[in-house]
Amino acid sequence: MQTSFTAAQLSDPHVAESEKILRKCVHCGFCTATCPTYVTLGNELDSPRGRIYLIKDMLENGRPADEEIVTHIDRCLSCLACMTTCPSGVNYMHLVDHARAHIEKTYRRPLLQRVTRAALAMVLPYPGRFRAALGLARLGRPFAGLFDRVAALQPVGAMLKLAPSAVPAKSAFSSPAVHPPKAEKRGRVAILTGCAQSVLDPGINEATIGLLSRLGIEVVVPEGEGCCGALVHHMGREEAALASARRNVDAWTREIERNGLDAVIITASGCGTTIKDYGFMLRLDPAYADKAARVSALAKDITEYLAAIDLPTPVAQPGLTVAYHSACSMQHGQKITRQPKELLQKAGFTVKEPREGHLCCGSAGTYNIMQPEISARLRDRKVRNIAATGADLVATGNIGCITQIADRAGMPIVHTVLLLDWAYGGPKPEAIGRERTASSP
Ligand code: SF4
Ligand code: SF4
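Residues numbered from 1 in each chain as written. Chains lettered and ligands numbered in written order. Predicted model: local features only at pLDDT ≥ 70, side-chain atom pairs only at ≥ 80, totals over all residues. Heavy atoms only, no water.

Draft legend 1. Just the packing of helix α4 (residues 48-60) against helix α7 (residues 92-106), in detail. At their nearest, the axes of α4 and α7 sit 11 Å apart, and the two run at 50 degrees to each other. Between α4 and α7, the interaxial angle falls into the category oblique. Where α4 crosses over α7, the handedness of that crossing is left-handed. Each of Pro48, Arg51, Ile52, Ile55, Met58 and Leu59 in α4 lies in contact with α7, whose residues at this interface are Tyr92, Leu95, Val96, His98, Ala99 and His102. In terms of residue class, the contact of α4 with α7 is built from nine nonpolar, two polar and one charged. (Axes fitted to C-alpha atoms, helices over the stretch in contact; angles between N-to-C directions. Helix = DSSP H or I, 4+ residues; strand = E, 2+ residues; numbered from the N terminus. Parallel < 35°, antiparallel > 145°, perpendicular 65-115°, else oblique. Left-handed = near helix turned anticlockwise from the far one by under 90°. Contact = heavy atoms within 4.5 Å. Nonpolar A, V, L, I, M, F, W, Y, C, P; charged D, E, K, R; others polar.)

Here's what the structure looks like:
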């Protein structure tokens, strides 16, 4: 694609980066076929190619964002299916990140949107606040339908509907600690405790730490780590996202320099995509660029890490059929497609892949709150495809997808690591009923 940025515009490194990306796009439109919003809405402006044109026009003319571009960029899930499909290597992720930051700086949203977005940014990344908010949401849940009647209040209704009926107790595994290996030591890793996941399902990191310990891996929960910054990053709140990135880079760098780390383990693929991008996000900060690149290189999804080490013979023989739902951030963001399925098969599960596996379930960070209608359509489509597999349960590697699908799937949905932990000597996941195990008496 030809561009016509001025030399002055290109002196801004963010614009220069976006210009490089734009020039790679050859308008072929292959990406439209796999874009969930284009497939759902059928509007070119809700396709990657359409959004790329809108972003180009906005940046090239150096103008503030307007309602049209905000509408179509807000509808983008950042699922990155377009990047998997694109034959020209267009880095849509960095382009849309830049567009979102530009929107945040130049566009004044309607009052209710501003309040909702500010509330999400102030609550979700902080486990204590998030836990308190879920308690309140439980009380408000019976009234969720009332908010659906006013378009601007639909995000509030969506938030209430997504709130779980019970919040698990705070886990001791979320606090800074060193978990020693329970077999001959063969590695040392840090684990991201994260924010929303540690509140919604602390069992995911408990299972991860239990499994790694039994495999001889020392696991450290470092002092000072927190939310990866993805939630605010996708809202265009660049400074808040970079502050989260710097805090985590500092926490993990201290560990690397003190006792060494083989990997930073991440159990939520949405966070993994962002942490693997810290090197890019902090490339212009001389104090952090190298440290952030080192952290990004160490970041590993738990399935990526497990696939690279020798595993023993499974202890349990669950004999279950699992529909593997590959989160967008796993398959498109991190290009991890093979490892989770192979690990499940090696652990004794029969794995089925739902049709249209490349399409997003509609979760996408806060998307299911801010765009509840499109999100619900994608969720229902995903659930139909999962149900058609006839599997006993669903496995996935992202808490957002679990929350999005759980109520509708009609079968248990668990994080992949819970199944692996079970197969290799850990407890059976609570979500799986006894009657579903083939080995049940
Ligand atoms: S990130 Fe997903 S929703 Fe956004 S343009 Fe690409 S394919 Fe479409
Ligand atoms: S597939 Fe790639 S090159 Fe083709 S229109 Fe989409 S982004 Fe551009």
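Draft legend 2. Looking closely at the confidence of the model for the protein. Here the protein averages 94 in pLDDT, while 98% of its residues score no lower than 70. Every residue in residues 434-441 scores below 50 in pLDDT, and together they form 16 contacts with partners more than four places removed in sequence or on other chains. (pLDDT = per-residue confidence, 0-100.)

Draft legend 3. How the structure looks around the site of ligand 2. Close contacts around ligand 2 come from 13 residues, with Cys25, Cys28, Gly29, Cys31 and Cys86 the closest. One can see that ligand 2 is located within the largest cavity. Of the residues contributing to the shell around ligand 2, the split by class is nine nonpolar, three polar and one charged. (Near = heavy atom within 4 Å. 1 Å grid on protein atoms, 1.4 Å probe; cavity = no way out; pocket = protein on both sides within 12 Å on 5 of 7 lines; lining within 4 Å. Sits in = over half its atoms within 2 Å of the grid points.)

Draft legend 4. Quick look at the site of ligand 1. Taken together, 13 residues lie near ligand 1, and Cys35, Arg51, Cys76, Cys79 and Cys82 sit nearest. The pocket occupied by ligand 1, as judged from atoms lying within 2 Å of grid points, is the second largest cavity. Mapped onto the shell around ligand 1, the elements with two or more residues apiece are α3 (36-41), α4 and α6 (81-85). For the shell around ligand 1, a count of residues per class yields ten nonpolar, two polar and one charged.

Draft legend 5. A look at the sheet that holds strand β9 (residues 413-415). With parallel pairing, four strands are arranged side by side in an open sheet as β7-β6-β8-β9. Looking at which strands have only one partner, the edges of the open sheet turn out to be β7 (350-352) and β9. Looking at each pair of strands side by side, their axes are set apart by 35 degrees on average, direction ignored. Summarising the sheet, strand β6 (residues 321-325) and strand β8 (residues 393-396) pair through four bridges and their orientation is parallel. What sits directly across from His325, in β8, is Thr396. The strands that helix α21 (residues 339-346) touches are β6, β7 and β8; relative to β6, the one it contacts most, it runs at about 170 degrees. (Pairing = 2+ DSSP bridges.)

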